[in-house]
Amino acid sequence: VQLQASGGGLVQAGQSLRLWCSASGRTITNYAMAWFRQAPGKEREFVATISRSSDRTVYADAVKGRFTVVRDNTKNTAYLHMDNRKPEDTAVYYCAAGRADWYAVPRDINGYHYWGQGTLVTVSS
């Protein structure tokens, strides 16, 4: 499966932004879908994941209550809605797909074998 992440840009703190991850080659129903991010000088970190069933999600503590991950299997696309953005959210955001059980919500980066190219999100204070 090939993934294309889009939607990044420059936003002010407090504003909302939506990222989307378009998949091609295979249906995303076969995969748990996740978002990771990597800030300058830091390691890539987990942000959010959604199960193949679409009804189970897990978030990193840093984004819980502000970010929402959803998926539309009919459009072969996953989304990350980001509200109340903070300057520390500035990073390159990557979408990822990993084979998983129907209700699984893996957080381990090693569980994801397909990656998009990343989209830069910059939050100004």
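The coordinates are above.
First, a word on scope: everything that follows refers to the structure included in this document. (Residues numbered from 1 in each chain as written. Predicted model: local features only at pLDDT ≥ 70, side-chain atom pairs only at ≥ 80, totals over all residues. Heavy atoms only, no water.)

Description of the overall build of the protein
The helix and strand inventory of the protein stands at 0 helices and 11 strands. The order of α-helices and β-strands along the protein, N terminus first, is β-β-β-β-β-β-β-β-β-β-β. The C-alpha atoms of the protein give 13 Å as radius of gyration, which agrees with the globular expectation for 125 residues (14 Å, within 12%). On the principal axes, the C-alpha backbone points of the protein span a range of 40 × 25 × 25 Å. Counting the 125 residues in the protein, one finds 42% classified as buried. Taking all contacts inside the protein whose residues are at least 6 apart in sequence as the whole, residues at least 24 apart take part in 60%. Of the roughly 6200 Å² of accessible surface on the protein, a fraction of 46% belongs to carbon and sulfur atoms. The positive charge centre, built from 15 side chains, and the negative charge centre, built from 10, are 4 Å apart in the protein. (Helix = DSSP H or I, 4+ residues; strand = E, 2+ residues; numbered from the N terminus. Rg over C-alpha atoms; globule rule 2.2 N^0.38 Å. Buried < 20%, exposed > 50% of the residue type's maximum accessible area, 1.4 Å probe, protein only. Contact = heavy atoms within 4.5 Å. Areas by Shrake-Rupley, 256 points an atom, 1.4 Å probe, with all protein chains shown as cover. Lys, Arg positive; Asp, Glu negative; His and termini not counted. Charge placed at Lys NZ, Arg CZ, Asp CG, Glu CD.)

Looking at the state of the cysteines
One pass over the structure, following the stated rule, counts 1 disulfide. Sulfur-sulfur distance for the disulfide between C21 and C95 comes to 2.2 Å. The S-S bond linking C21 to C95 shows a torsion near 65 degrees; that makes this disulfide right-handed. A residue pair is termed long-range when its members are at least 10 positions apart, and C21 in strand β3 (residues 17-24) and C95 in strand β9 (residues 91-99) qualify at 74 residues. Judged by its relative accessible area of 1%, C21 is buried. With relative accessibility at 1%, the residue C95 sits in the buried group. (Disulfide = S-S within 2.5 Å.)

Some thoughts on the sheet that holds strand β8 (residues 77-82)
Within the open sheet, the 4 strands sit side by side as β1-β3-β8-β7. Their pairing is antiparallel. Bordering the open sheet on either side are β1 (2-6) and β7 (67-72), each of which pairs with just one other strand. Adjacent strand axes in the sheet meet at a mean angle of 15 degrees when their direction is disregarded. (Pairing = 2+ DSSP bridges. Axes fitted to C-alpha atoms, helices over the stretch in contact; angles between N-to-C directions.)

Topic: the nonpolar core
Among the nonpolar cores identified, the biggest contains 36 residues, and M33, W35, L80 and Y93 are the most heavily contacted of them. Those elements giving two or more residues to this core turn out to be β1, β3, β4 (31-38), β5 (45-50), β7, β8, β9 and β11 (119-124). For this core, the leading source of residues is β4, giving 6 residues. (Core = buried A, V, L, I, M, F, W, Y, C linked by side-chain atoms within 4.5 Å.)

Digging into the pairing of β8
Within β8, 5 of the 6 residues are buried, leaving the element largely enclosed by the surrounding structure. Pairing analysis gives 6 bridges linking β3 to β8, with the strands arranged antiparallel. When the bridges of β8 are listed, L19 appears paired with L80. As judged from the 6 bridges shared by β7 and β8, these two strands associate in the antiparallel manner. Looking across to β8, one finds that D72 is bridged to T77.

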